[in-house]
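Here are the chains, one letter per residue:
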Amino acid sequence: MIIDLRTLFVNDSATYPIDCRFDLSEVDFFGEKPLKAPIPVKGKAFSRAGIVTLSVECDCEYTAPCDRCGKETVKHYIVPIERVLVGEIQNDENDEMILLQDFKLDLYELVFESIVLAMPTKHLCSEDCKGLCPVCGTDLNDGQCGCATKQVDPRLAALSELLKNN
């Protein structure tokens, strides 16, 4: 979605409202496609005292299996995007400023990049998820399974026997 923001650069008190949706359901995060619902993007671009600012929020619903227990889990994230928009730039190393070509902003590209960077690398059903038993695969959130809690690595079994003899 390309937005022409030329009026914001010539009018010192102009506002451009933003209310749209983007479909990122085909975007792959670590082998999953967790953004199943369209993402509402709401906010505005505005000009104040010669500075053009973009301020929007993306409302994401992230659906993926828990990395510890495998249960399908839905989490809600609000991704704020706040950037200064400029027609020309002196210093290329400022991440808060976006250089516009012909005063046009590709909102989809900015939203896509911001959401990808904001998504979690570890997705848990809860912070205290106990995961699965490494021996039998029982979900430890539902209770203990009865497996021995101390497993010896078979490669180190000979060393374990030495410790028992001393």
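The text that follows walks through the structure, step by step, so that each part is easy to find. (Residues numbered from 1 in each chain as written. Predicted model: local features only at pLDDT ≥ 70, side-chain atom pairs only at ≥ 80, totals over all residues. Heavy atoms only, no water.)

## What to know about the pattern of salt bridges
Tallied over the full model, the rule gives 3 salt bridges. Ionic pairing is found between Lys-33 and Glu-26, a salt bridge with its closest N-O pair at 3.1 Å. Its salt-bridge partner being Asp-139, residue Lys-71 comes within 3.4 Å of it at the nearest N-O pair. Taken as a pair, Lys-71 in the loop between strand E4 (51-65) and strand E5 (72-86) and Asp-139 in the loop between helix H2 (107-118) and helix H3 (157-165) lie far apart in primary sequence, 68 residues in all. Overall, Lys-71 belongs to the partly exposed group, its relative accessible area being 38%. Judged by relative accessible area, Asp-139 falls into the buried class, the value being 12%. One connected set of salt bridges, linked through shared partners, spans Lys-71, Asp-139 and Asp-142. (Salt bridge = Lys/Arg side-chain N within 4 Å of Asp/Glu carboxyl O. Helix = DSSP H or I, 4+ residues; strand = E, 2+ residues; numbered from the N terminus. Buried < 20%, exposed > 50% of the residue type's maximum accessible area, 1.4 Å probe, protein only.)

## Notes on the packing of aromatic side chains
The description of an aromatic ring pair uses the distance of the two centres, along with the angle that the planes make with each other. For the structure on display, the rule yields 5 aromatic pairs. Consider the rings of Phe-22 and Tyr-108, whose centres lie 5.3 Å apart with planes at 75°: the pair is edge-to-face. You can see Phe-22 sitting in strand E2 (residues 15-22) and its partner Tyr-108 sitting in helix H2, a full 86 residues away along the chain. For Phe-22, a relative accessible area of 7% translates into the label buried. Seen from their ring centres, Tyr-108 and Phe-112 are 6.2 Å apart, and the 20° between their planes marks the pair as stacked. You can see Tyr-108 and its partner Phe-112 sitting in helix H2, 4 residues apart, about one turn around the helix. According to the relative accessible area criterion, Tyr-108 is partly exposed, its value standing at 33%. Of the residues examined, Phe-112 reaches a relative accessible area of 32% and is grouped as partly exposed. Cluster of aromatic residues (ring-pair linked, three or more members): Phe-22, Tyr-108 and Phe-112. (Phe/Tyr/Trp six-rings, centres within 6.5 Å; stacked < 30°, edge-to-face > 60°.)

## Quick notes on unusual backbone geometry
Here Asp-102, not a glycine, exhibits a phi torsion of approximately 55°, which is positive. Inspection of the secondary structure assignment puts Asp-102 in the loop between strand E6 (97-99) and strand E7 (104-106). By relative accessible area, which is 55% here, Asp-102 ends up exposed. The backbone phi angle of Phe-103 is positive, close to 65°, even though this residue is not glycine. For Phe-103, the location among the structural elements is in the loop between E6 and E7.

## Here we look at the side chain of Ser-25
In this structure, Ser-25 sits in the loop between E2 and strand E3 (39-48). A polar atom in the side chain of Ser-25 sits 2.8 Å from the side chain of Asp-23. Once residues lying within four places of it in the same chain are set aside, the contact partners of Ser-25 are Lys-33, Leu-35 and Lys-36. (Polar contact = N/O pair within 3.5 Å; in protein donor to acceptor, adjacent residues only side chain to side chain. Contact = heavy atoms within 4.5 Å.)

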